[in-house]
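# Survey of secondary and tertiary structure
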Amino acid sequence: MAGSPFADDAVPLELLRTRAFNMRWAQQAPDVIPLTAADPDFPICPAIQEELIRYVRDGVMSYGPPEGLPQFREAVAQWMWSTRRIECSPEAVFATDSAASGMAVVARTFLTSGDEVLVPDPVDFLLQHTVERAGASPVRVPVNPATTAEEFIAGMEARLTPRTRMLWLCNPHNPLGVAYPAKWQQAVAEWAIRHKLRILSDEIWSDIVYAPHHHFSLAALSPEIAGNTITIYGFSKNFALAGLRIGCVLCSDPQWRKEIIATADAESTVYGASVLSQVAVIAALEQGRHWLADFVRHLRGQRDYVLERLARWPGVTVHPPEATYVAFPCIRSLSDDAESFCQYLLEHARVALVPGAPRWFGPGARGHVRICFATSRRILQEAFDRMEAVVRKLAAS
Ligand SMILES: Cc1ncc(COP(=O)(O)O)c(C=O)c1O
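Below you will find a few notes about this structure. (Residues numbered from 1 in each chain as written. Predicted model: local features only at pLDDT ≥ 70, side-chain atom pairs only at ≥ 80, totals over all residues. Heavy atoms only, no water.)

### Structural notes on unusual backbone geometry
Peptide bonds are mostly trans, and most non-glycine residues show a negative phi. Residues Asp121 and Pro122 are joined by a peptide bond in cis, for which omega reads 5°. Of note, the bond from Ala211 into Pro212 is cis; its omega dihedral lies within 30 degrees of zero at 10°. Along the polypeptide, Pro212 turns up in the loop between strand S6 (198–202) and helix H8 (223–227). Here the phi dihedral of Asn22 falls at roughly 60°; this positive angle occurs in a residue that is not glycine. (Helix = DSSP H or I, 4+ residues; strand = E, 2+ residues; numbered from the N terminus.)

Here you go:
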C-alpha cells in the first residue's frame, strides 16, 4: 500500500507531535501512542490542500455571509441529497464553526433552565455538555448495541415528564458504533412527534459506515420527520478537518432556522464560520469523494484488525463497529474500573485510550474503553502488541 494516502509512511508523526492536541500526539509523552480522540492521523485530501492554497494565494479574506457562503450551502445541500437523500435546500444549511457549536446553538435556541432532554446513555459527552451549558438537564436513556426501538421507546416513556422538550440522537452512534436502521429511527421519531418533542440528530459520523450497514438520515425518512428534525453534520471525522472548526446545522423549518441563526449571533459577526474553513469543505464535497471512499476502505481493514486483536484479550467482548472509527470493548473481565485500567495501560504499555468514564460518555459507559483506529496499520499493530503483553499479564495475575 506504499504511496496510498493511508499507507504506514503516510502518517506525519513529527507534525502530529506538534499539531495534534485534544489528548493526542502533541499532548502525550513522546513514547505514547494515542488511540484517544477521534481525529485521523492522516493528512487531508490533496484536493482540499490545493484549494486552500489557491484561495490563500488569491489574497482576499473578506467577511462571509452570516449563514455561510452560498457555495458552501449549495455544496452541502447537494451532498445531502446525493449521499443520503435528504431533500435539503441551500437555505436549510447554516454554517457553524464545528458540529459541537452547532449542537450548542440548537440547545441555546430551544432550551431553557429546567427543561429536560432525552439523550442516549452512553453517548459522546458533547450531547450532555451542550444541553447542560444551555441550562437544561440531560435525562439519560440506556442503550446498548442490541437495544430495539421498542426498548428505547419504553426507556423514554419511563423518563418523560412535563418538562421534556427534546430528544437528542447520535447516528451513527459514538461510541457504540451502531448505524441505526431506518425502522428503528422511524419508530423512535414517531414517538417523539406524538409527544411534541423536537429531535436533534447528530450525524457527524454518517460518512464512516461499513457495508452491509448503511446510514439512514433521520430527515430522509418522511416529510413529517424531516419537519421535526434538526440535523447536525460536520467535517472533522470524514475529512479530518477538526482543526478548521467547521460544521453545519440543517433545518428545514424556516422559523426554527431564523431562531437558530439569531441565537448564533452570526449576523452581528460576534460568531461565525471561517470562510477558509468553508472553502475547504466545498473542495472536500466536490472533489473528495474518492479520497473518502479510500479512507473508509482503509478503516474497514483497521476495524477488522482491531476485532482480531481484541479477540485475544481474555473475556473481553466488543460489538463490531458498523460505523465510526472507534471500538468500545467491555473490559470488565480485566478490571472493574475502566479509568484505572486505562491508567495502567498508559503506564505499562505506553498506549492512551479513552476510559468509559461518565464524564466522557455517561454512566452507561462504565466497564468499557474507547479505542480510536483512524491511524496506520503499523501504529495500530504496535499499540496492540504493547497492550496485549500487558493485558496477558493482568489476566494472569
Ligand atoms: C458524536 C459527535 N458529535 C460531535 C462531535 C464534534 O465534532 P466537531 O469537531 O465538528 O465539533 C464529535 C467529535 O468527536 C462526535 O463524536
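Let's pick the thread back up.
### Here we look at the nonpolar core
Ranked by internal contacts, the top residues of the largest apolar core, which has 111 residues, are Phe72, Trp168, Phe235, Phe239, Phe295, Trp313 and Tyr325. When neighbours within four sequence positions are excluded, Phe72 is seen to be in contact with Val93, Ala95, Phe235, Ile246, Gly247, Cys248, Gln278, Val281 and Ile282. One finds Leu118, Val178, Trp184 and Val188 within the second-largest nonpolar core, a separate group that totals 27 residues. (Core = buried A, V, L, I, M, F, W, Y, C linked by side-chain atoms within 4.5 Å. Buried < 20%, exposed > 50% of the residue type's maximum accessible area, 1.4 Å probe, protein only. Contact = heavy atoms within 4.5 Å.)

### Here's the deal with the pattern of salt bridges
Inspection of the entire model under this criterion finds 17 salt bridges. A salt bridge links Asp31 to Arg350, with the shortest nitrogen-to-oxygen separation between them at 2.8 Å. With Asp31 in the loop between helix H1 (13–19) and strand S1 (33–34) and Arg350 in the loop between helix H12 (338–349) and strand S10 (351–352), this pair connects stretches of sequence that are 319 residues apart. On the basis of relative accessibility, which here comes to 39%, the residue Asp31 falls in the partly exposed class. One salt bridge in this structure joins Arg84 and Asp207, with 2.7 Å as the shortest N-O distance. Of the two residues, Arg84 sits in helix H3 (residues 70–84) while Asp207 sits in the loop between S6 and H8, which places them 123 residues apart along the sequence. Residue Asp207 is classed as buried on the basis of its relative accessible area of 12%. (Salt bridge = Lys/Arg side-chain N within 4 Å of Asp/Glu carboxyl O.)

### Thoughts on the packing of helix H6 (residues 149–159) against helix H7 (residues 182–194)
With their axes 9 Å apart at the nearest point, H6 and H7 run at an angle of 25° to one another. With respect to H7, the element H6 is oriented roughly parallel. For the crossing formed where H6 meets H7, the hand is right-handed. Mapping the contact onto sequence places Ala149, Phe152, Ile153, Met156 and Glu157 in H6 and Trp184, Ala187, Val188 and Trp191 in H7. When its residues are assigned to classes, the contact of H6 with H7 shows 8 nonpolar, no polar and 1 charged. (Axes fitted to C-alpha atoms, helices over the stretch in contact; angles between N-to-C directions. Parallel < 35°, antiparallel > 145°, perpendicular 65-115°, else oblique. Left-handed = near helix turned anticlockwise from the far one by under 90°. Nonpolar A, V, L, I, M, F, W, Y, C, P; charged D, E, K, R; others polar.)

### Re the sheet that holds strand S12 (residues 369–372)
Sheet architecture is open: 3 strands sit in the order S9-S12-S11, paired in antiparallel fashion. Only two strands of the sheet have a single neighbouring strand rather than two, namely strand S9 (326–327) and strand S11 (354–355). Bridge analysis of S11 against S12 gives 2 bridges, and the strand direction is antiparallel. If you follow Pro355 over to S12, its bridge partner there is Val369. (Pairing = 2+ DSSP bridges.)

### Details of the side chain of Thr324
For Thr324, the location among the structural elements is in the loop between helix H11 (289–310) and S9. Ignoring any residue separated from it by four or fewer positions in sequence, one finds Thr324 in contact with Pro172, His173, Gly177, Trp205, Ile208, Tyr210 and Phe373.

### Thoughts on the environment of Ser201
The residue Ser201 is located in strand S6 in this model. Residue classification places Ser201 among the buried positions, given a relative accessible area of 1%. Counting along the chain gives 34 residues from Ser201 to Leu167, while the straight-line C-alpha distance between them is 8.5 Å.

### Describing helix H10 (residues 275–287)
Taking 1.5 Å per residue as the helical rise, H10 with its 13 residues ought to reach 18 Å, and the 18 Å between its terminal C-alpha atoms agrees with that figure. Burial within H10 is extensive, with 10 of its 13 residues counted as buried. All buried positions along H10 are accounted for by Val275, Ser277, Gln278, Val279, Ala280, Val281, Ile282, Ala283, Ala284 and Leu285. Check the buried side of H10 and you find it contacts helix H2 (46–58), H3, strand S2 (93–96) and H11. Sitting at the amino-terminal end of H10 is Ser274, which places a side-chain oxygen 3.2 Å from the backbone nitrogen of Leu276. (Expected span 1.5 Å × (residues − 1). Polar contact = N/O pair within 3.5 Å; in protein donor to acceptor, adjacent residues only side chain to side chain.)

### Quick notes on the site of the ligand
Within the structure, the ligand sits among 13 residues, and Ala99, Asn174, Asp202, Ser236 and Lys237 are positioned closest to it. One of the side-chain nitrogen or oxygen atoms of Asn174 is found 2.8 Å away from an oxygen atom of the ligand. Between the ligand and Ser236, the relevant distance is 2.7 Å, taken from an oxygen atom to a side-chain nitrogen or oxygen of the residue. Considering the ligand on its own, with 400 Å² of exposed area, one finds that the protein chains cover 92% of that surface. Grouping the amino acids of the shell around the ligand by side-chain chemistry returns 6 nonpolar, 3 polar and 4 charged. (Near = heavy atom within 4 Å. Areas by Shrake-Rupley, 256 points an atom, 1.4 Å probe, with all protein chains shown as cover.)

### Remarks on the sheet that holds strand S7 (residues 229–234)
Through backbone hydrogen bonds, the strands of a sheet pair up, either in parallel or in antiparallel fashion. With mixed pairing, the 7 strands of this open sheet are ordered in space as S2-S8-S7-S6-S5-S3-S4. Edge positions in the open sheet fall to S2 and strand S4 (137–142), since each of these has one partner strand only. With strand direction ignored, the average angle separating the axes of adjacent strands in the sheet is 25°. Bridge count for S6 against S7 is 4 bridges, and the pairing is parallel. Considered in S7, the bridge of Leu200 is made with Ile230. Contacts between helix H9 (residues 254–264) and the sheet are confined to S2, S6, S7 and strand S8 (247–251), with S8 contributing the most and set at about 150° to the helix.

### Some words on the state of the cysteines
The tally for this structure, following the rule as stated, stands at 0 disulfides. Cysteine Cys45 remains unbridged, with the sulfur of Cys248 as its closest cysteine sulfur at 18 Å. Judged by relative accessible area, Cys45 falls into the buried class, the value being 2%. For the unlinked cysteine Cys88, the closest cysteine sulfur is that of Cys248, found at 8.0 Å. The class of Cys88 is buried, set by a relative accessible area of 15%. (Disulfide = S-S within 2.5 Å.)

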